[in-house]
Amino acid sequence: KNIIGNGTFSANGGGLFAMGYFKSPGGGGRVALYYHTSSFTGTAEAKGGCGSYDGWSKICAGDGTVGMIDQSTNNLYLNGSSWQFRKSDSPFVLNNIYISNGAKATSENGANITANNITIDDTSTFTLSGNEIIIASNLLVTGNSTITVLPEQVLALNVPSITVEAGSSISANGKGYVTGPGSPDIFYESAASYGGVGGGLNPKPTYGSATAPIDFGSGAEGNRGGGAIRLIVDNLQNDGVISANYPDNGTFRTSGGSIFVTTKNLSGMGSFQAIGGNTSWPYGFVGAGAGGRIAIYYQNSTFTGNTNVLGGVYCFYGCNPAGGAGTVVMQP
């Protein structure tokens, strides 16, 4: 009922050990604390073990799960920990879910999550499987946090109110096809197409719908294109970034993906992006990935931000457009 103190709950995995041979570090376990009142100021952790094979670089196993459940308010607190919304634990029926302080939450296929409010805050990440059920009244992404999705799964949310604050994002960057309809037949000869035509020699043609875009962007050279986002929402406030771009971690000549939004009220000063991947010297050609597709349908709008479906650029002495732009539909 009542938890106090400043100690530690831990279910940590074992570290890497070497004595004539190597053993890998162990994964974290699971901690769940249920209470009615709390003045606890300590820690709860289920960290993966760590070690080094070479004496200076660090390798760690995956963290386990830590959840704090206030039974008096029916709130779930994920504070700087990892967590899994698992199908076997479903349904989750909660008042509020707080994913904060750098927490990393994931949902499993078939998980059923019901809450009045879901808040992702303070550099936290919520990764969807693409096949869960989320029933919520309000979804807030704030404090440089991100909602994302697994590769080749649509990031689909049907929530009455979604707010993405400045610095935060709903991202399907790099979650599209490795090899898709717009992928080049010969690497380094052309870049990937989708809403526009990729740069280079003999690129593939465009594909998919401009008015109801649901396709993934196409990849190149073993890297993924942009993913697909589908939002059905009464009130959408976007002061951050909603994006289905090429991967975040490099220049890959892949195409942007899809963003398809249906909302009653659209507001904010942020951006919607489905940008193609860049290219640079010395790859022998100036072709960059094409832009994707964005379609936003609304009844009322005070949105003053921007949409961006540009193709990628080629950079050597300066940068110049080198991939075709995609398509944008903004329709009341």
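Presented here is an overview of the structure given in this document. By convention here, each chain's residues receive numbers from 1 onward along its written sequence. Side-chain atom pairs in this predicted model are given and counted only at pLDDT of 80 or more, local residue features only at pLDDT of at least 70, and totals for whole chains, interfaces and linings cover all residues. To obtain the side-chain values, all non-hydrogen atoms of the structure were used and water was disregarded.

## Considering the overall build of the protein chain
Next, step 1: Numbering of helices and strands runs from the N terminus, with a helix taken as a DSSP run of H or I at least four residues long and a strand as a DSSP run of E at least two residues long. When helices and strands are tallied, the protein chain shows zero helices and 31 strands.
Next, step 2: Using C-alpha atoms as the atom set, the radius of gyration is obtained and then compared with a globule rule of 2.2 Å times the number of residues to the power 0.38. Its C-alpha radius of gyration of 22 Å places the protein chain within 12% of the 20 Å reference for a compact globule of 332 residues.
Next, step 3: The principal-axis extent of the C-alpha atoms belonging to the protein chain is close to 65 × 65 × 35 Å.
Next, step 4: Looking at the protein chain residue by residue over its 332 residues, the buried ones come to 46%.
Next, step 5: Note on contacts: a residue pair is in contact if any heavy atoms of the two residues lie within 4.5 Å. At a minimum sequence separation of 6, the contacts of the protein chain that also span at least 24 residues come to 56%.
Next, step 6: With residues, only the protein chains shown are counted as cover, and all accessible areas are computed by Shrake-Rupley using a 1.4 Å probe. Of the roughly 15,000 Å² of accessible surface on the protein chain, 52% is carried by carbon and sulfur atoms.
Next, step 7: In the protein chain, the 15 positive side-chain charges and the 18 negative ones have mean positions that sit 5 Å from each other. Throughout, exposure labels follow a simple rule: accessible area from a 1.4 Å probe, protein chains only, divided by the maximum for the residue type, with under 20% read as buried, over 50% as exposed, and the rest as partly exposed. Counting rule applied: Lys, Arg positive; Asp, Glu negative; His and chain ends not counted. The location of each charge is read from NZ of Lys, CZ of Arg, CG of Asp or CD of Glu.

## Side note on the state of the cysteines
Next, step 1: Throughout, a disulfide means two cysteine sulfur atoms within 2.5 Å of one another. Tallied over the full model, the rule gives one disulfide.
Next, step 2: Linked covalently through their sulfurs, Cys50 and Cys60 form a disulfide whose S-S length is 1.9 Å. The sign of the S-S torsion, about 105°, decides the handedness of the disulfide formed by Cys50 and Cys60: right-handed. Here Cys50, found in strand S8 (residues 50-51), pairs with Cys60, found in strand S9 (residues 59-60); they are 10 residues apart in sequence, far enough to count as distant.
Next, step 3: The exposure class of Cys50 is partly exposed, given its relative accessible area of 30%.
Next, step 4: A relative accessible area of 40% means that Cys60 is categorised as partly exposed.

## Regarding the sheet that holds strand S25 (residues 271-273)
Next, step 1: Whether two strands pair depends on DSSP finding at least two bridges between them. Here eight strands make up an open sheet; going across it, the order is S12-S14-S16-S18-S21-S23-S25-S28 and the pairing parallel. Unpaired on one side and paired on the other, strand S12 (82-85) and strand S28 (306-308) mark the two borders of the sheet. Between one strand axis and the next, the sheet turns through 15° on average, direction left out of account.
Next, step 2: Bridge analysis of strand S18 (residues 146-149) against strand S21 (residues 169-171) gives two bridges, and the strand direction is parallel. Residue Ile147 lies in a different strand from S21, and its bridge partner there is Ile170. All axes are obtained by fitting lines to C-alpha atoms, using only the stretch in contact for helices, and the reported angles, taken between N-to-C directions, cover 0 to 180 degrees.

## A word on the nonpolar core
Next, step 1: If you look at the biggest cluster of nonpolar residues, it comprises 47 residues, and the most contacted ones within it are Phe85, Phe126, Ile162 and Phe272.
Next, step 2: Apart from the residues lying within four places of it in its own chain, the contact partners of Phe126 are Phe85, Ile99, Ala105, Thr106, Ser107, Ile113, Ile120, Ile134, Thr146, Ile147 and Thr148.
Next, step 3: Residue types Ala, Val, Leu, Ile, Met, Phe, Trp, Tyr and Cys, when buried and joined through side-chain atoms within 4.5 Å, form a set referred to as a nonpolar core. If you look at the next biggest cluster of nonpolar residues, it comprises eight residues, including Ile3, Leu33, Phe40 and Met68.

## A look at the sheet that holds strand S29 (residues 313-316)
Next, step 1: Taken together, the three strands give an open sheet; going across it, the order is S26-S29-S30, and neighbouring strands pair in mixed fashion. Here the strands that pair on one side only, and so sit at the sheet edges, are strand S26 (279-280) and strand S30 (318-321).
Next, step 2: As paired strands, S26 and S29 are joined by two bridges and run parallel to one another. Each bridged residue has a counterpart across the sheet, and for Thr279 the counterpart in S29 is Tyr314.

## Brief notes about unusual backbone geometry
Next, step 1: Residue Pro91 follows Ser90 across a cis peptide bond; omega there is 0°.
Next, step 2: Position of Pro91 relative to the elements: it lies in the loop between S12 and strand S13 (92-100).
Next, step 3: In the Ramachandran plot, Asn74 falls in the positive-phi region, its phi being about 60° despite a non-glycine side chain.
Next, step 4: Positionally, Asn74 belongs in the loop between strand S10 (65-70) and strand S11 (75-79).
Next, step 5: The residue Thr123 is not glycine, and still its phi comes out positive at about 55°.
Next, step 6: With respect to the helices, strands and loops of the structure, Thr123 is situated in the loop between strand S15 (112-120) and strand S16 (125-128).

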